Amino acid sequence: MLLVLRRSSRVTTTAIQPVPAARAGAAPDFDALYRASRDDVYAYVATLVRDRSAAEDVTALAFERAYRKRRSYDARRGTPRAWLYGIARNAALDELRRRSRTAAMTGDAPDPGAPAPADEAEGALRRAAVRAALLELPPREREAVALKFHAGLDNGEVAAVLGVSVSNAGTLLHRALTKLRRSLDADA
Amino acid sequence: MRTPDTLDPAVERELAALDAALAGDRSDPALSELTALVRAERPVPVPRWADALDERVAAGFPRPPRRRRLRLPLLPTAAAVLASALVALVIAAGLLDGGGYPDGGGGETGGGAAGGVSAQEAEPAVSGGAAADSTGSIAPPPGAADDADGVRPRRVERSAYLTLAAPGEELARLGDRIIAVTDGLGGFVRSSNVQSGEMGGGGAFELRVPADRLDRALAQLSRLAHVRERTQAAQDITGETLDTAERLADARAERRALRRALAAAGDTREAARARAGLRRVAREIAAAQRALRAVQDRAAYATIQIALVADDDAGAGAPGDGRWTPGEALDDAVRVLEILASLLLVILAVAIPVGALVVGGRAARRWLSRSRRERAVDAA
């Protein structure tokens, strides 16, 4: 059984919610998939397009495409989550291409959420350091981090979404992790 | 030895530790802090948008009503289908016109290569070809045809050969029906020979029917029994007819000259010589008239040779005048299947290259699209 890390929109604690595994050739349970991954897909798309409004449109478009194509899902080619994130990725990249044709991208930084009033100065600094390090990551590594940290995909699913081998996905994640660690070490 | 698709063990350990930290393991405090800080950067949707999307999902993503119109990617497919259909129609028209139809009008396989005259060209027409005999009473042959300018009369001799198969005990009755068909069309039987019996038999007929009724005669005769073979031939005999007519005209001109010489003869010796000449010319005229009638008769009447063969498998009910027999139905079914197979072949000949182009185009488009998307990631 597949497990998805489900988070509420405001709380970072995780809850485990099962996603029904799809049979080979059977359409996935779209409602369950949607409920389990709505916010995760949004987080991943927002990391890619770096624009809240565009992320909302792209996420809605991705779910609509997945809904319309749900009967063409093939379980032999990956998990329902990998399939869904692949659709979301294509939609996000199409948006990036469209924006690059019309104007230079002027995306805003990812929404960090409402700041906790009790954040200490030290914590705020470390948080800012990680945020800056995330922004400095190469796009593919930042995308891998979003899939791993925000969407909760395992390495195989990350590889399937990015269209690379599992070892390549692991290398991307390891590089990103190393850079993020360094940013914290430098801040300490 | 590690393959290129495997990770360094240290990297694998690091990734395993990351998975553990993401799952809540705090054995590596630095990594736990890092995962928490990265997760804190996770973009979160606003509730209003999330609620609106929930509603759309619950409604099944209703589409706004819009006018149906032909999508651009469908156009090449539609064009290919249309082109295939047109080619198939052209081929089918050619097949049905007799090109590939064994018993069709274009199926003449016999002699007459020298003549090479089609059935259409041999349509009967009133001809002035017999006018050379001003004293004769030869009717205009129905097998004659004029050129477009109507100046040069043309004569075509037509013939056909049929092999009819029927059970041995049916051959005698089949022979009677052949004669009836011939009489009904104004023709005659030049010769006939039928041996009938339960142990086998056979027969042969030579019929002469008016040339302009040859097609009708063949159609009626072909319905009398199972047709095993059918050939037609046409030969242009215009030159032969004109030569004979000119020979007759020359002989008559000589006869007129000899008559004048006889009238003007001064002595009995000259008169005797003129009379001898007139007798010779009279024989030549008679021979030329016979030859002219014969050649005109060849154009006026077509010859049909029929061979009867005993064949118990041909069906006892085969010799039914005007009936559509099971054997004929089977032949027709085979012909329909042949034509359908030809059509299918033509459609495949067009559809396979078009399909390959479409598949190749889609693959190229997919590759191009993927490559552009990957460039978009790098540019982000």
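Given the structure is predicted, the values throughout are model-derived calculations rather than measurements.

This next bit is on the overall build of chain A. Of the regular secondary structure elements, chain A holds seven helices and two strands. Written out in order from the N terminus, the α and β elements of chain A read β-β-α-α-α-α-α-α-α. Out of the 188 residues belonging to chain A, those deemed buried represent 50%. The long-range share in chain A, meaning contacts at least 24 apart out of those at least 6 apart in sequence, stands at 65%. As presented, chain A carries roughly 8700 Å² of accessible surface, and 52% of it is formed by carbon and sulfur atoms.

We now examine the layout of surface pockets. Here the largest pocket defines a volume of roughly 1500 Å³. In terms of lining residues, the largest pocket is bounded by 36 residues, among which K69, R77 and N90 of chain A together with R366 and R373 of chain B are the most central. By residue number, the principal contributor to the lining of the largest pocket is helix 9 (residues 326-379) of chain B, which donates 11 residues. Considered class by class, the residues forming the lining of the largest pocket number 13 nonpolar, eight polar and 15 charged.

All names here are of chain B. At a minimum axis distance of 8 Å, the contact between helix 7 (residues 238-263) and helix 8 (residues 268-300) shows a crossing angle of 160°. By the angle between their axes, helix 7 is roughly antiparallel relative to helix 8. In this structure, the crossing between helix 7 and helix 8 has a hand that is left-handed. For the contact of helix 7 with helix 8, the residue count by class is 15 nonpolar, four polar and 10 charged.

This structure, assessed with the given rule, holds nine aromatic pairs over all chains. Ring centres of Y67 of chain A and F61 of chain B lie 5.4 Å apart, and the angle between their planes is 50°; this geometry places the pair in the tilted category. One end of the pair, Y67 of chain A, is in helix 2 (residues 52-68); the other, F61 of chain B, is in the loop between helix 3 (47-58) and helix 4 (74-99), on a second chain. Just as Y67 of chain A is buried, F61 of chain B falls in that class too. A network of ring pairs unites the aromatic residues F30, Y34, F63 and Y67 of chain A together with F61 of chain B as a single cluster. We note R70 of chain A situated over the ring of Y67 of chain A; from NZ or CZ to the ring centre the distance is 4.0 Å.

Moving on to the interface of chain A and chain B. With 62 residues of chain A at the contact, the number on the chain B side is 46 residues. For the pair chain A and chain B, the summed buried area comes to about 5100 Å², and 61% of that belongs to carbon and sulfur atoms. Contact with chain B buries area across many residues of chain A, yet R97, F149 and R181 of chain A alone supply 12% of it, more than any other trio. Taken together, the links from chain A to chain B amount to 12 salt bridges. On inspection of chain A and its partner chain B, the count reaches 18 residue pairs in polar contact (both at pLDDT 80 or more). Those elements that provide at least two residues to the side of chain A that touches chain B are strand 1 (2-7), helix 1 (30-49), helix 2, helix 3 (80-102), helix 4 (121-136), helix 5 (139-150), helix 6 (155-162) and helix 7 (166-187) of chain A. By residue number, the principal contributor to the side of chain A that touches chain B is helix 1 of chain A, which donates 10 residues. Class assignment for the residues of the side of chain A that touches chain B results in 24 nonpolar, 15 polar and 23 charged.

In this section: a nonpolar patch on the surface. Residue and element names in this part refer to chain B. A cluster of nonpolar side chains, L82, L86 and L89, forms an exposed patch at the surface whose accessible area comes to about 330 Å². Counting through the fold element by element, L82 comes out in helix 4. For L82, a relative accessible area of 54% corresponds to the exposed category.

Bringing a positive patch on the surface into the picture now. The grouping of R77 of chain A together with R362, R365 and R366 of chain B at the surface amounts to a positive patch. When you line up the elements, R366 of chain B lands in helix 9. Overall, the relative accessible area of 58% leaves R366 of chain B in the exposed class.

All names here are of chain A. Assignment of secondary structure puts D51 in the loop between helix 1 and helix 2. A polar contact is formed between the side chain of D51 and the backbone nitrogen of S53, at a distance of 3.2 Å. Here the side chain of D51 touches A54 through a polar contact of 2.7 Å, landing on its backbone nitrogen.

Quick look at the packing of helix 4 of chain A against helix 2 (residues 29-40) of chain B now. Orientation of helix 4 of chain A relative to helix 2 of chain B, taken along the N-to-C sense of each, is 70°, at an axis distance of 9 Å. When the interaxial angle is binned, helix 4 of chain A and helix 2 of chain B end up roughly perpendicular. Facing R126, R127, V130 and L134 of chain A of helix 4 of chain A, the residues of helix 2 of chain B in contact are E33, L34, L37, V38 and A40 of chain B. Within the contact of helix 4 of chain A with helix 2 of chain B, the residues separate by chemical class into six nonpolar, no polar and three charged.

Conventions and cut-offs
Residues numbered from 1 in each chain as written. Chains lettered and ligands numbered in written order. Predicted model: local features only at pLDDT ≥ 70, side-chain atom pairs only at ≥ 80, totals over all residues. Heavy atoms only, no water. Helix = DSSP H or I, 4+ residues; strand = E, 2+ residues; numbered from the N terminus. Buried < 20%, exposed > 50% of the residue type's maximum accessible area, 1.4 Å probe, protein only. Contact = heavy atoms within 4.5 Å. Areas by Shrake-Rupley, 256 points an atom, 1.4 Å probe, with all protein chains shown as cover. 1 Å grid on protein atoms, 1.4 Å probe; cavity = no way out; pocket = protein on both sides within 12 Å on 5 of 7 lines; lining within 4 Å. Points joined across faces, edges and corners; volume = space filled by probe spheres on them. Nonpolar A, V, L, I, M, F, W, Y, C, P; charged D, E, K, R; others polar. Axes fitted to C-alpha atoms, helices over the stretch in contact; angles between N-to-C directions. Parallel < 35°, antiparallel > 145°, perpendicular 65-115°, else oblique. Left-handed = near helix turned anticlockwise from the far one by under 90°. Phe/Tyr/Trp six-rings, centres within 6.5 Å; stacked < 30°, edge-to-face > 60°. Lys NZ or Arg CZ within 6 Å of the ring centre and 35° of its normal. Buried area = accessible area lost by both parts, 1.4 Å probe. Salt bridge = Lys/Arg side-chain N within 4 Å of Asp/Glu carboxyl O. Polar contact = N/O pair within 3.5 Å; in protein donor to acceptor, adjacent residues only side chain to side chain. Patch = residues over 30% accessible without salt bridge, like charges linked within 9 Å, V, L, I, M, F, W, Y side chains within 5 Å. Lys, Arg positive; Asp, Glu negative; His and termini not counted. Charge placed at Lys NZ, Arg CZ, Asp CG, Glu CD.

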